[in-house]
Amino acid sequence: MKATTASGGSLELGSAHAIVTGGSSGIGLATARLLAGRGAKVSLIARGKERLEAAAKEVGAAARVADVADRAAVTRAVAELEQEQGRPCDVLVASAGLARPGHFLELQDDVFRQMIDVDYFGTLHALRAVVPGMVERGQGSVVAVSSAAGLIGIYGYSAYGPAKFAVRGLMESLRAELTPRGLHVGVVFPPDVDTPQLAEENRWKPPETRAIGGTIAPIPAERVAEAIMVGIDRRRFLICPDIGTWALARFGSVLMPLLNRAFDRRVRKAREADDNA
Ligand SMILES: NC(=O)c1ccc[n+]([C@@H]2O[C@H](COP(=O)([O-])OP(=O)(O)OC[C@H]3O[C@@H](n4cnc5c(N)ncnc54)[C@H](OP(=O)(O)O)[C@@H]3O)[C@@H](O)[C@H]2O)c1
């Protein structure tokens, strides 16, 4: 299926070059698989060489090691991948990111900076590397992965949440600016997703943050990847892989008082349980 551009042209995924940051694992890797399945030339960016090379081999992708927090490294990686694939970037999926929950009073200053550097600037740097060319050509698709924690302030996410709110704010501005220039702009709001990141994140979650999540099972990365593909095909701005985050994205400010009351109750119970332990 073709993704039709606002200017009437069309983005044929079968001949497109798709770059996925964070493409060596989780949501990024699942999306890379689907893009490759549609015939796109796929390029992956991540830091860890071994895992990146294994993912690239599996997907049949080109790959470059780069830290997305490093503007020069990302710009260089994108330029090299475009040269290697013989085609400029048509689709960017900015999935590289990390989450470190914790109590505000206990988190170190460098964690706040790291979340902004990787989750926000890492997304921005990739966008800055590909958007000028897309604007020149009058077509392209850019999708950034935010989070449910970018829709509502959640206990334990005082470092991660603001970085994902920033990604959302950036993509909202870009939607307004770039859609009239023929680009598709999308932002993804996943709930908990069963990936290595979630496993790592769970090691740091305060009991109160765990209690808010309750017994809701994480969704598979493949489901997020499928939602991203539908978002690209249908040029959707809001990409929500489940009904809960969709409702939050659409009606968040209305639901906020109810959610806060429910979440505060769970936090209270978790604290009482902790006190009695
Ligand atoms: N899993 C969830 O529950 C969940 C929920 C909402 C939103 N998200 C968001 O979804 C995105 C993907 O997360 P995931 O769950 O798929 O995690 P994941 O499986 O841990 O994958 C993260 C990917 O990002 C790469 N990465 C991390 N830091 C990087 C950096 N500084 N520079 C370049 N690449 C970097 C990792 O490779 P290297 O470590 O080798 O660099 C890996 O390829 C993230 O933005 C995350 O915040 C996840």
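Criteria and thresholds
Residues numbered from 1 in each chain as written. Predicted model: local features only at pLDDT ≥ 70, side-chain atom pairs only at ≥ 80, totals over all residues. Heavy atoms only, no water. Near = heavy atom within 4 Å. Polar contact = N/O pair within 3.5 Å; in protein donor to acceptor, adjacent residues only side chain to side chain. Areas by Shrake-Rupley, 256 points an atom, 1.4 Å probe, with all protein chains shown as cover. Helix = DSSP H or I, 4+ residues; strand = E, 2+ residues; numbered from the N terminus. Nonpolar A, V, L, I, M, F, W, Y, C, P; charged D, E, K, R; others polar. Buried < 20%, exposed > 50% of the residue type's maximum accessible area, 1.4 Å probe, protein only. Contact = heavy atoms within 4.5 Å. pLDDT = per-residue confidence, 0-100. Pairing = 2+ DSSP bridges. Axes fitted to C-alpha atoms, helices over the stretch in contact; angles between N-to-C directions. Core = buried A, V, L, I, M, F, W, Y, C linked by side-chain atoms within 4.5 Å. Right-handed = clockwise from strand over helix to strand, strands pointing away. Phe/Tyr/Trp six-rings, centres within 6.5 Å; stacked < 30°, edge-to-face > 60°. Lys NZ or Arg CZ within 6 Å of the ring centre and 35° of its normal.

## What to know about the site of the ligand
Looking at the ligand, there are 29 residues lining it, with Ser24, Ser25, Arg47, Val193 and Thr195 nearest. Between the ligand and Ser24 there is a distance of 2.7 Å, counted from an oxygen atom to a side-chain nitrogen or oxygen. One of the backbone N or O atoms of Gly48 is found 2.8 Å from an oxygen atom in the ligand. With the chains in place, 95% of the 880 Å² that the ligand exposes on its own is no longer accessible. Elements supplying a minimum of two residues to the shell around the ligand: helix H1 (26–37), helix H5 (160–178) and helix H6 (196–204). With three residues, H6 is the largest single contributor of residues to the shell around the ligand. Looking at the shell around the ligand residue by residue, the classes come out as 13 nonpolar, 11 polar and five charged.

## Re the side chain of Ser43
Within the fold, Ser43 resides in strand S4 (residues 41–46). What makes Ser43 buried here is its relative accessible area of 0%. Ignoring any residue separated from it by four or fewer positions in sequence, one finds Ser43 in contact with His17, Ala18, Ile19, Val20, Ala61, Ala62, Leu81 and Gln85.

## Thoughts on the confidence of the model for the protein
Low-pLDDT stretches of the model should not have their predicted coordinates read in fine detail. Averaged over every residue, the pLDDT of the protein is 94; residues scoring 70 or more account for 96%. Here residues 4–9 is modelled with pLDDT under 50, and outside its nearest four sequence neighbours on either side it reaches 14 contacts, counting other chains as well.

## Considering the sheet that holds strand S7 (residues 140–145)
Pairing within the open sheet is parallel, and its seven strands lie in the order S5-S4-S3-S6-S7-S8-S11. Only two strands of the sheet have a single neighbouring strand rather than two, namely strand S5 (62–65) and strand S11 (238–239). Of the strand pairs in this sheet, strand S3 (residues 17–21) and S4 are connected by five bridges, and their pairing is parallel. Paired with Thr21 across the bridge in S4 is Ile45. Relative to the sheet, helix H2 (residues 49–59) contacts S4 and S5, its axis offset from that of S4 by approximately 170°.

## Some details on the nonpolar core
Leu92, Leu127, Val130, Val142 and Met171 are the most contacted members of the largest nonpolar core, which has 52 residues in total. If you list the elements that add at least two residues to this core, you get helix H3 (71–85), strand S6 (91–94), helix H4 (109–137), S7, H5, strand S8 (183–188) and helix H9 (243–276). The element that contributes the greatest number of residues to this core is H4, accounting for 10 residues. When neighbours within four sequence positions are excluded, Met171 is seen to be in contact with Leu127, Val142, Val143, Ala144, Val185, Gly186, Val187 and Phe237. Leu13, Ala16, Val20 and Val42 belong to the second largest nonpolar core, which has 34 residues in total.

## Focus on the pairing of S5
Summarising the sheet, S4 and S5 pair through four bridges and their orientation is parallel. Directly across from Leu44, in S5, lies its bridge partner Ala63. Taken together, S4, H2 and S5 constitute a β-α-β crossover, and its handedness is right-handed.

## Some details on the packing of aromatic side chains
Within the structure shown, the criterion is met by four aromatic pairs. Consider the rings of Tyr157 and Tyr160, whose centres lie 5.6 Å apart with planes at 50°: the pair is tilted. On the basis of relative accessible area, Tyr160 is assigned to the buried category, the value being 7%. Look at Trp246 and Phe251: their rings are 5.9 Å apart centre to centre, the planes differ by 85°, and that puts the pair in the edge-to-face class. Its end group placed over the ring of Trp204, Arg100 keeps NZ or CZ at 3.4 Å from the ring centre.

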